[in-house]
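Examining the three-dimensional arrangement
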Amino acid sequence: MPLRLNELEYLDMPGLNVMLAHDYYPESHQGGVGIILNGVRIATNGDLRLEPTPGQWSPVPVVGPRVVDRETEEISVRMSYPDESKNRRGFNPIDYPDLEFAYIVRVRPEGLSFRILVDLEEPLPEEWIGKVGFNLELYPGVLFGKTFSMDECFGVFPRQAFGPGSHDSDGEYQIAPLAIGDRLVVAPETESLRLSIEGDGLQLIDGRGRHNNGWFVVRSLVSSGATTGAIDWLVTPNAIPNWMSDPVVQVSQVGYHPDQPKVAVIELDVSDRRRGPVSLLRILPTGGFETVMSEKPIDWGKFLRYSYLQLDFSSVQTEGMYVVEYGDVRSEPFQISARVFERGVWQPTVEYFLPVQMCHMRINESYRVWHGACHLDDAKMAPTDFNHFDGYLQGSSTLTSYQSGDQVPGLDRGGWHDAGDYDLRVESQSQTVYGLALAYECFKLDYDNTTVDQETRVVELLRPDGKPDVLQQIEHGVLSIVGGYRSLGRLYRGIIEPTLSQYVHLGDAATQTDNVESADDRWVFTEENPGRELDVAASLAAASRVLLGYDDALAAECLAIAVELYDRTTETKPLQRLGLALELLRATREQRYEDAVLQLLDETCASIERVASLAARSMSLIENDSYRGRVRGALTEYRKTVSEREKKTPYGLPYEPDIWGAGWGIQRFGVEQFWLHTCCPDIFPSTYMLHAVNFILGCHPGSNTASFVSGVGARSLIPGYGVNRADESFIPGGVGSGTALIRPDFPELLEWPYLWQQTEYCVGYPTSDYVFLIAAADRLLNQRKSH
């Protein structure tokens, strides 16, 4: 069967898909020409680039609309440099060179092969000859140890980059190509990965020579005077005849409570017409398996590019270890137990991940030091009229009594490093504090397995100190927010490294600066952002309640700052005040906060989807039948919306995959559904929340059924995009972003540490929502069982 254009506007045949400009996220290896071969996205980012191996901040073109010729089956797109929307402005601003040109990339099928053609509208300026070329990136994760052959040259794709290399005319280091020639064969010994590329002057380059997160790059330079057919490649992937993806059994990698809905999902190639029984097997302590259930599955239908079956085994309540089997495919083992969430599920996030992310502390784990005491030189006031490469903007004023470059005291305590980097975003701090405070308030999480000593700046993992770990983490986040407020007289926006070389630092956080006042100190940014200020204040109000009895002085300061921000902040949208009003009402019981909530009733009902959980929580605080009735009416309508969206997926919850993994959004949804079920059990069932738990823990689309939480469950997201990603390692309890969509229809979760849209850990709601969600499921299910 030859390669053909399908209705989704990409070239398709069994075992092979060729996309053009469906994705445009080249900074993270999604864009241009992409190739999915026998179920693996083996190549991406096929496009003209200005460097041999571009990195995250390299120039990218403007992408025009995709044009499809149904008669010739050719796909094309016009692109042009520069992209003025990114030229020294916005998030990650790129400093474009003085070069303007436009071109068309074309892809057309030729039997079992396809051709890539690039037509320039005008020849390149002579000074750019030798610099502009067509790049196609090959995914390293499946190629290490595989061979390549190019003309008379051959070798193995290396596990790490190595020289020789040299500096180019711009003074930039460039690694020497692994091979040069006119015909490259990738992995000739491996049927499922074999691919050949024919074109003039091909180079095979290891992109990791300049960037740790680089891929292998196949490149051809644009020659002098070239326009039509400036690039002409014939690509022949080895699509296995009649290839079908293997069935995938998707279950929670942790397991299920006996009273929990339990649905295994089986993902099948859409052309796989076989429908065998699905079996639930109990693992016998003496060895072997016992068949507990074997049934014809529910044929759910098509979602994305796959067909889905379901096995509902909710009726099974006998505790033990189980697997689900479909044909010769068997899931990882999971448990059915009333204690399923009691140990090793949310706890690693609190006893490993959050401590490892703690700034201004030394983090010890027995023989291991995760990082030394870091950033003790925090922080200098950021320059004004400045656009930082990571999205921080400082306006024409510092908004404080400090001038640019002044040392700001009080910023060398508390806070968590934001993600796979070392900055402190105020929203990351406040969201983590907020979620943990609500979790502690609701579920009394008195778990203690960590020693935190703020005086000596030392944290000892796996060493209890008699204090609840969650409260110690709340304290640590609050110390950063409050310390900044004391010194600045306002909230900081963020604290971040001044230079790109520091920002991309991977390794011990203590080595990013010299820990004394000097030019390498981080910068503190401020901003006018009423919505963010009110959100942070809400987190402080919540923290004030749980810190009472633990640190009364700090609790009082949190409440005082929250009240001050409530009084002096003028919101730009009415509902920005709702969360803070509710948290202050719960903290103080003052009438003025109830009045504010009542005044927002019309906006609350009109925007119920956005504030559903706040609205539900408000009903226990507002003793007003009319108010409650209108909120319940709005929530009833919202339930209809949720139910309609839930029907579109086989996972029992609304899920709209996107270029960024949806795991964090599913967690947010799950937390919302806990509140809705708890406050309105007659309107919202608990099933949505519990399905969200299963989704995060492994029952989600794609062949990688790993739990999104590293180290949690029989199979989990390892490696992860954390500060130790260069070691291809992970941080236990780190919550990754999860399965992403390769547009238009391919779900993907690669075992690769450098894709932030799939495997990045972040503090903030991604962390605190996970802790809350699992603790909520444990409480809900075990309360139900006790009744």
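Note: the structure precedes this text.
Note that the structure is predicted; figures quoted are calculated from it, not measured.

**Details of a negative patch on the surface**
Together, E84, D98, E100, E126 and E127 make up a negatively charged patch on the protein surface. When you line up the elements, E127 lands in the loop between β9 (113-120) and β10 (133-138).

**Observations concerning the sheet that holds strand β29 (residues 362-365)**
Strand pairing in a sheet relies on backbone hydrogen bonds. The paired strands run either parallel or antiparallel. Strand order in the open sheet formed by four strands is β30-β29-β36-β35, and the pairing between neighbours is mixed. Edge positions in the sheet fall to β30 (368-371) and β35 (450-453), since each of these pairs with one other strand and no more. Geometrically, the sheet is characterised by an average inter-axis angle of 20° between neighbouring strands, direction not taken into account. One ladder, built from three bridges, connects β29 with strand β36 (residues 458-461); its direction is parallel. Among the inter-strand pairings, R362 is bridged to a residue of β36, identified as V458. Against the sheet, helix α1 (residues 347-357) touches β29, β30, β35 and β36, its axis set at about 150° to β36.

**Some remarks on the environment of N6**
In this fold, N6 is placed in the loop between β1 (4-5) and β2 (11-13). For the pair formed by N6 and V40, sequence separation is 34 residues and the distance between their alpha carbons is 19 Å. Discounting residues that sit within four places of it in the chain, N6 has contacts with D12 and R70. At a separation of 2.9 Å, a polar atom in the side chain of N6 contacts the main-chain amide nitrogen of L8.

**Some thoughts on the side chain of E51**
Within the element layout of this structure, E51 appears in the loop between β5 (40-49) and β6 (62-69). Judged by relative accessible area, E51 falls into the buried class, the value being 18%. Among the polar contacts listed, one links the side chain of E51 to the side chain of S58, at a separation of 2.8 Å. Apart from the residues within four sequence positions on either side, E51 is in contact with S58, P59, K131, N135, R210 and R219.

**Points about helix α5 (residues 530-547)**
Helix length check: α5, at 18 residues, gives a terminal C-alpha distance of 25 Å against a target of 26 Å (1.5 Å per residue), a fit within 8%. The buried fraction of α5 is high, at 15 of 18 residues. Trailing α5 by a residue or two, G549 shows a phi angle of about 90°, which is positive.

**Remarks on the pairing of β9**
Along β9, eight of the eight residues are buried, which leaves the element largely enclosed by surrounding structure. The side-chain alternation of β9 yields two buried faces, one formed by S113, R115, L117 and D119 and the other by F114, I116, V118 and L120. Note: strand β8 (residues 101-110) against β9, eight bridges, orientation antiparallel. Looking at β9, one finds that V107 is bridged to I116. Here β8 folds back onto β9, and the loop between the two strands holds two residues, one of which, G111, carries a positive phi near 70°. Both β9 and strand β18 (residues 231-237) contribute to a ladder of five bridges, which runs antiparallel. Within β18, the position partnered with R115 by the bridge is L234.

**Some words on the sheet that holds strand β19 (residues 248-250)**
Pairing is antiparallel in the open sheet, where four strands are placed in the order β19-β21-β25-β24. The strands lining the two open edges of the sheet, one partner per strand, are β19 and β24 (298-303). Each adjacent strand pair in this sheet contributes to an overall mean axis angle of 25°, direction not counted.

**Considerations on the nonpolar core**
The biggest cluster of nonpolar side chains holds 154 residues, and the ones touching the most others in it are I474, V478, L635 and Y770. Once residues lying within four places of it in the same chain are set aside, the contact partners of L635 are I608, A612, A616, M619, L676, C680, I683 and F684. Counting 67 residues, the second largest nonpolar core, distinct from the first, contains L5, V33, L184 and A239.

**A short note on the packing of helix α7 (residues 578-588) against helix α10 (residues 608-618)**
Angle between the axes and distance between the axes are the two parameters that describe a pair of packed helices. The N-to-C vectors of α7 and α10 enclose an angle of 25°; their axes lie 10 Å apart at closest approach. Looking at the two axes, α7 sits roughly parallel to α10. Every pair of crossing elements has a handedness; the one defined by α7 and α10 is left-handed. Across the interface between the two elements, L578, G579, L582, E583 and R586 of α7 pack against V611, L614, R617 and S618 of α10. Here the contact of α7 with α10 is composed, by residue class, of four nonpolar, two polar and three charged.

**Describing the packing of aromatic side chains**
A complete count under the given rule lists 42 aromatic pairs for this structure. Between W57 and Y503, the aromatic rings sit 5.8 Å apart at their centres with planes inclined by 75°, giving edge-to-face as the arrangement. Separated by 446 residues along the polypeptide, W57 in the loop between β5 and β6 and Y503 in helix α4 (residues 500-503) bring together distant segments of the chain. The two residues W57 and Y503 agree in class, both being buried. The side chain of R330 reaches across the aromatic face of F289, ending 4.3 Å from its centre. Here the guanidinium or amino end of R668 rests over the ring plane of Y765, the centre of that ring lying 3.7 Å away.

**So, the packing of helix α3 (residues 469-488) against helix α6 (residues 552-568)**
It is the contact of α3 with α6, at a shortest axis distance of 11 Å, that shows an interaxial angle of 55°. If you check the angle between α3 and α6, you find them oblique. The crossing of α3 and α6 is left-handed. Two secondary-structure elements touch here, α3 through E475, V478, L479, V482, Y485 and R486 and α6 through L554, E557, C558, I561, E564, L565 and R568. Counted by class, the contact of α3 with α6 contains eight nonpolar, no polar and five charged residues.

**Digging into the pattern of salt bridges**
Evaluation of the coordinates by the stated rule reveals 52 salt bridges. Across the salt bridge formed by R425 and D418, the nearest N and O atoms sit 3.8 Å from each other. Where R592 meets E590, a salt bridge forms, and the shortest distance between an N and an O atom there is 3.4 Å. By relative accessible area, R592 is classed as partly exposed at 35%. For E590, a relative accessible area of 36% corresponds to the partly exposed category. A single network of salt bridges, built from pairs that share partners, joins E74, R106, R108, E110, R115, D119 and D232.

Rules behind the numbers
For every chain, the first residue of the written sequence is number 1, and numbering continues from 1 along that sequence. Selection of residues for local features in this predicted model requires a pLDDT of at least 70, selection of side-chain atom pairs for listing and counting requires 80 or more, and totals for whole chains, interfaces and linings are taken over all residues. To obtain the side-chain values, all non-hydrogen atoms of the structure were included, while hydrogens and water were left out. Residues enter a patch when their relative accessible area is above 30% and they make no salt bridge; the linking distance is 9 Å between like charges and 5 Å between nonpolar side chains (Val, Leu, Ile, Met, Phe, Trp, Tyr). Residue exposure ignores everything except the shown protein chains as possible cover, and the areas themselves are Shrake-Rupley values with a 1.4 Å probe. Only one rule defines a salt bridge in this text: a Lys or Arg side-chain nitrogen within 4 Å of an Asp or Glu carboxyl oxygen. Counted as positive: Lys and Arg. Counted as negative: Asp and Glu, with His and the chain ends omitted from the count. By convention, charge coordinates are those of NZ in Lys, CZ in Arg, CG in Asp, or CD in Glu. Every helix listed is a DSSP run of H or I at least four residues long, and every strand listed is a run of E at least two residues long, numbered separately from the N terminus. At least two bridges found by DSSP between two strands are what make those strands a pair. Between N-to-C directions, angles cover 0 to 180 degrees, with each direction set by a line fitted to C-alpha atoms, over the stretch in contact for helices. Should any heavy atoms of two residues lie within 4.5 Å, those residues are considered in contact. Between N or O atoms, a polar contact is any pair within 3.5 Å; within protein, one atom must be a potential hydrogen donor and the other a potential acceptor, and residues adjacent in sequence are included only when both atoms are from side chains. For the exposure calls, accessible area comes from a 1.4 Å probe over protein chains only, and a residue counts as buried if that area is under 20% of its type's maximum, exposed if over 50%, partly exposed in between. Here the expected length of a helix is defined as 1.5 Å per residue gap, with one fewer gap than residues. Note on terminology: a nonpolar core comprises buried Ala, Val, Leu, Ile, Met, Phe, Trp, Tyr and Cys residues joined through side-chain atoms within 4.5 Å. Comment on the angle field: the value is read as roughly parallel under 35 degrees, roughly antiparallel over 145, roughly perpendicular from 65 to 115, and oblique elsewhere. Whether a crossing is left-handed or right-handed is set by the direction in which the near helix is turned from the far one by less than a right angle, anticlockwise for left-handed and clockwise for right-handed. Side-chain classes follow a simple rule in which Ala, Val, Leu, Ile, Met, Phe, Trp, Tyr, Cys and Pro form the nonpolar group, Asp, Glu, Lys and Arg form the charged group, and the remainder, Gly included, forms the polar group. Planes of paired rings set the category: under 30 degrees apart is stacked, over 60 is edge-to-face and the rest tilted, where pairs are Phe, Tyr or Trp rings (Trp by its six-membered ring) whose centres lie within 6.5 Å. Sitting over a ring, as applied to charges here, requires NZ of Lys or CZ of Arg to be within 6 Å of the ring centre and within 35 degrees of the ring normal.

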